[in-house]
Amino acid sequence: VAFQRHGFRWAVEAQTAEDGVVAVSVADPKHSVAVYGCFQATIDVKGKAKGITLDSCEQVTIYLDTVLSSVELVNCKRMKVHIRGVSPSVAIDKTDGCGVFLTEEGLATVFTTAKSSEMNVTFPDPAHPGEVIESPIPEQYVHKVVAGGPGVTPHMSAEVSDLYFH
């Protein structure tokens, strides 16, 4: 684990299962964490971070407390993200296989995805304390041209495919 002071960034690179749990303690909320090129690693980020980026990682499990802006996954495969506190947003881009685990505190998290597949979110079931709900993030949509009426310009609409409602 290396800290790059000029960018207020923790850099975690090329970690594997052999390295054990890689612990990162963020003491300043202006600092961010960048995880790059890790394989089968477990990373534990303690404290409040500005943002966390995982890039080109495979089979990595990351535990984190609170993020002020976003958790981002780019070019990853078979990832697990456990958010113990709050993250306003999670961005998943070009990632195949991603499980995000939220606590009750993090239910307001917003997800943005692009070019990704096999994404699931697990969160507490408010109706049944102690139980969780696992929900897929849709990756298939139905797009339609909506004809315009008088004074309305035609435009595209998008709806989640019926596959996710059965």
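Let me begin by describing the structure that accompanies this report.

**What to know about unusual backbone geometry**
Notably, Lys115 is not glycine yet its phi reads approximately 50 degrees, a positive angle. Positionally, Lys115 belongs in the loop between strand 12 (110–114) and strand 13 (117–124). For Glu118, which is not glycine, the phi torsion reads 55 degrees and is therefore positive. Tracing the chain through its elements places Glu118 in strand 13.

**Brief notes about the sheet that holds strand 7 (residues 61–67)**
Two strands in a sheet stick together by hydrogen bonds in their backbones, pointing the same way (parallel) or opposite ways (antiparallel). Across the sheet, seven strands lie side by side as 3-5-7-9-11-13-14; this open sheet has mixed pairing. Edge positions in the sheet fall to strand 3 (21–25) and strand 14 (132–136), since each of these pairs with one other strand and no more. Strand-to-strand, the axes of this sheet are offset by a mean angle of 15 degrees, without reference to chain direction. By the bridge criterion, six bridges tie strand 9 (residues 77–83) to strand 11 (residues 96–102) in an arrangement that is parallel. Its bridge partner lying in strand 11, Ile83 is registered against Leu102.

**What about the environment of Cys98?**
Within the fold, Cys98 resides in strand 11. We classify Cys98 as buried; its relative accessible area is 3%. Counting along the chain gives 20 residues from Cys98 to Glu118, while the straight-line C-alpha distance between them is 6.3 Å. Discounting residues that sit within four places of it in the chain, Cys98 has contacts with Leu73, Met79, Ile92, Ser117, Glu118, Met119 and Asn120.

**Some details on the environment of Lys30**
Of note, Lys30 is situated in the loop between strand 3 and strand 4 (32–36). Sequence spacing of Lys30 and Ala14 is 16 residues, and the spatial spacing of their C-alpha atoms is 24 Å. When neighbours within four sequence positions are excluded, Lys30 is seen to be in contact with Phe8 and Lys50.

**Description of the environment of Lys80**
Among the secondary structure elements, Lys80 is positioned in strand 9. Put simply, Lys80 and Gln59 are 21 residues apart on the chain and 7.5 Å apart in space, counted from C-alpha to C-alpha. Other than its neighbours up to four places away in sequence, Lys80 contacts Val60, Thr61, Ile62, Gly99 and Phe101.

**As for the pattern of salt bridges**
Side-chain pairs of opposite charge can arise whenever the charged atoms involved come near each other. A complete count under the given rule lists four salt bridges for this structure. Among the ionic pairs, Lys46 bridges to Asp44, the shortest N-O distance being 3.7 Å. Overall, the relative accessible area of 40% leaves Lys46 in the partly exposed class. Among the ionic pairs, Asp65 bridges to Arg84, the shortest N-O distance being 2.8 Å. With Asp65 in strand 7 and Arg84 in the loop between strand 9 and strand 10 (89–93), this pair connects stretches of sequence that are 19 residues apart. Connected through shared salt-bridge partners, Asp44, Lys46, Asp65 and Arg84 make up one network.

Thresholds, definitions, all that
Residues numbered from 1 in each chain as written. Predicted model: local features only at pLDDT ≥ 70, side-chain atom pairs only at ≥ 80, totals over all residues. Heavy atoms only, no water. Helix = DSSP H or I, 4+ residues; strand = E, 2+ residues; numbered from the N terminus. Pairing = 2+ DSSP bridges. Axes fitted to C-alpha atoms, helices over the stretch in contact; angles between N-to-C directions. Buried < 20%, exposed > 50% of the residue type's maximum accessible area, 1.4 Å probe, protein only. Contact = heavy atoms within 4.5 Å. Salt bridge = Lys/Arg side-chain N within 4 Å of Asp/Glu carboxyl O.

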